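Working through the structure, step by step
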Amino acid sequence: MARPFKTQRDPQATPRRPKTSFTKLAVDENAPPEPTQRLHKLLALAGLGSRRDMELLIASGRVTVNGAPAAVGQGVTQYDVVRLDSRPLKLPFVAELPQVLIYHKPEGEIVSQDDPEGRASVFDKLPKVKNAKWIAIGRLDMNTSGLLIFTTSGELANRFMHPRYEVEREYAVRIFGELTEGQMKQLTEGIELEDGPANFDSISVQGGEGANHWYQVILREGRNREVRRLFEAFQLPVSRLMRVRFGPVNLPPRVKRGQMLKLEQKEVVGLLEWADLPVPSAPLRQLTQREKLKATTVFMPKVRKQRVSALDRPPRDAADGEARPYRGKTDAARNNPATKKPAPRKNENRRVRQTSDLAAPAMQKKSDRNRGRG
């Protein structure tokens, strides 16, 4: 049977669209209003920067909600379209289980993201996290080592660090000298420092050799160099200071200096319950065997470039201070010879492989010919 010719479509003809008879859904006036969340909080949770930076970003007019410029403190729902420099953003409206990371900080690193001197920072080694930002729980000065906790939950970090919760910090201290019984009692009762009285909750002797002696101290404050200043009040300099516990989190012995360990999901749930914070109602994500092995393995972090805040990045394709939607490369950039990739060179002297280049087959030995025969 002959195949009929296909009729050619007229390009000038207007296309016929199917007729639809959709009825618009009626709005239920008795339905509860959709819950809203603060826009700057969602932007910070998305990993674009701190909450303060996001407030400045909204005030600059670069963020829009449903096509209108956003206002500082504005609430949005999951049905609102939020754009940054005309690009849609995916905001984390549904609460997820935060991530917690344990780091054995060595001496010589600072706990800061911005350092004009360019010194080594603990934030340079943190692994990448999607739609979130690492927050350091507490600080350790450059000459102090030990336990440092990172989390993606600002509420959990605040529960650890705020003075009103009085979370215990435990340190192992090595001093040059030895304390007397009276000095140890005075350290627990209180000593007047420059910024007010301070004291240890407990102090115990841990031994030592020669002029160096170790002590274990516990306090509930996180003032700057507080442990060192308390010992220096008796003219006893601290030669080594190491934090071994922060609240319910202990520094595992298998985590050596410079190594990290990511807490498992059940351990994170236990931290949220300890902090009296709501646990996400969503079920825990089922991990693969490789993810389970990786989650319980101590690893050595690598130095990498950290993500900067969206406030520090200028709008792409901005002209005269106004952001324009991104439409790929412009014609000027596409035709610019400096941005074009060089064409591959043709090797005119290339020699084609010939049969004579192949090595002649080796002669088969007589013993090989008779091998396996009866």
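It should be noted that the structure appears before, not after, this text.
Below, the structure is looked at part by part. A quick note: this is a predicted structure, and the numbers were derived from the prediction, not measured.

With the rule as written, the count across this model stands at five aromatic pairs. Between F160 and F246, the ring centres sit 5.4 Å apart and the planes meet at 80 degrees, which makes this aromatic pair edge-to-face. Pair noted here: F160 is in helix α3 (residues 154-161) and F246 is in strand β15 (residues 238-246), with a separation of 86 residues, a long-range link. For the pair F160 and F246, one class covers both residues: buried. Considering the side-chain rings of F200 and F231, the 5.7 Å spacing of their centres and the 45 degrees angle between planes classify their relative orientation as tilted.

A few words now on the side chain of E109. Counting through the fold element by element, E109 comes out in the loop between β7 (100-105) and β8 (135-137). Engagement of the side chain of E109 in a polar contact is seen with the side chain of K125, the distance being 2.7 Å. Setting aside residues no more than four positions away along its own chain, E109 makes contact with Y103, A120, V122, K125, D141 and M142.

Here eight bridges tie strand β10 (residues 169-176) to strand β14 (residues 212-219), and the two strands are oriented antiparallel to one another. Bridge pairing in β14 places Y171 opposite V217. Inspection of the sheet shows β10 paired to β15 by seven bridges, in the antiparallel sense. Residue pairing for β15: A172 is matched across the bridge by M242.

Okay, the pattern of salt bridges next. Tallied over the entire structure, the rule returns 16 salt bridges. The salt bridge partner of R220 is D201, with a shortest N-O separation of 2.6 Å. Here D201 lies in the loop between β12 (196-198) and β13 (202-209) and R220 lies in the loop between β14 and α5 (226-232), a separation of 19 residues in the sequence. Taking the relative accessible area as the measure of exposure, R220 reaches 34% and is therefore partly exposed. Close ionic contact of E232 with R225 constitutes a salt bridge, the shortest N to O distance being 3.7 Å. With a relative accessible area of 36%, E232 lands in the partly exposed category. Through salt bridges with shared partners, a single ionic network connects E194, D195, E221, R223, E226 and R229.

Counting residues in hydrophobic clusters, the biggest one holds 35 residues, and the most contacted among them are F150 and F231. Apart from the residues lying within four places of it in its own chain, the contact partners of F150 are Q99, V100, L101, Y103, V122, F123, L126, W134, I135 and A136. With 18 residues, the next largest nonpolar core counts I102, I137, F160 and V167 among its residues.

Our next topic: the sheet that holds strand β2 (residues 63-65). Sheet architecture is open: four strands sit in the order β3-β2-β5-β6, paired in antiparallel fashion. Two strands lie at the open edges of the sheet, namely β3 (68-69) and β6 (87-88), each paired on one side alone. With two bridges connecting them, strand β5 (residues 82-84) and β6 associate as antiparallel partners. Paired with R83 across the strands is P88, a residue of β6.

Let us look at the packing of α3 against helix α6 (residues 265-274). The description of two helices packed together rests on the angle between their axes and the distance between the axes. At a minimum axis distance of 10 Å, the contact between α3 and α6 shows a crossing angle of 55 degrees. One finds that α3 runs oblique with respect to α6. Relative to α6, α3 is oriented so that their crossing is left-handed. Here L156, R159 and F160 of α3 come into contact with α6, specifically with L271, L272 and W274. Looking at the contact of α3 with α6 residue by residue, the class counts come to five nonpolar, no polar and one charged.

In this section: unusual backbone geometry. Even without a glycine there, the phi angle at S86 is positive, about 70 degrees. Relative to the assigned elements, S86 resides in the loop between β5 and β6. Judged by its relative accessible area of 35%, S86 falls in the partly exposed class. Residues other than glycine seldom take positive phi values, yet Q235 does so here, at roughly 60 degrees. In this fold, Q235 is placed in the loop between α5 and β15. We classify Q235 as exposed; its relative accessible area is 69%.

The rules behind the values
Residues numbered from 1 in each chain as written. Predicted model: local features only at pLDDT ≥ 70, side-chain atom pairs only at ≥ 80, totals over all residues. Heavy atoms only, no water. Phe/Tyr/Trp six-rings, centres within 6.5 Å; stacked < 30°, edge-to-face > 60°. Helix = DSSP H or I, 4+ residues; strand = E, 2+ residues; numbered from the N terminus. Buried < 20%, exposed > 50% of the residue type's maximum accessible area, 1.4 Å probe, protein only. Polar contact = N/O pair within 3.5 Å; in protein donor to acceptor, adjacent residues only side chain to side chain. Contact = heavy atoms within 4.5 Å. Pairing = 2+ DSSP bridges. Salt bridge = Lys/Arg side-chain N within 4 Å of Asp/Glu carboxyl O. Core = buried A, V, L, I, M, F, W, Y, C linked by side-chain atoms within 4.5 Å. Axes fitted to C-alpha atoms, helices over the stretch in contact; angles between N-to-C directions. Parallel < 35°, antiparallel > 145°, perpendicular 65-115°, else oblique. Left-handed = near helix turned anticlockwise from the far one by under 90°. Nonpolar A, V, L, I, M, F, W, Y, C, P; charged D, E, K, R; others polar.

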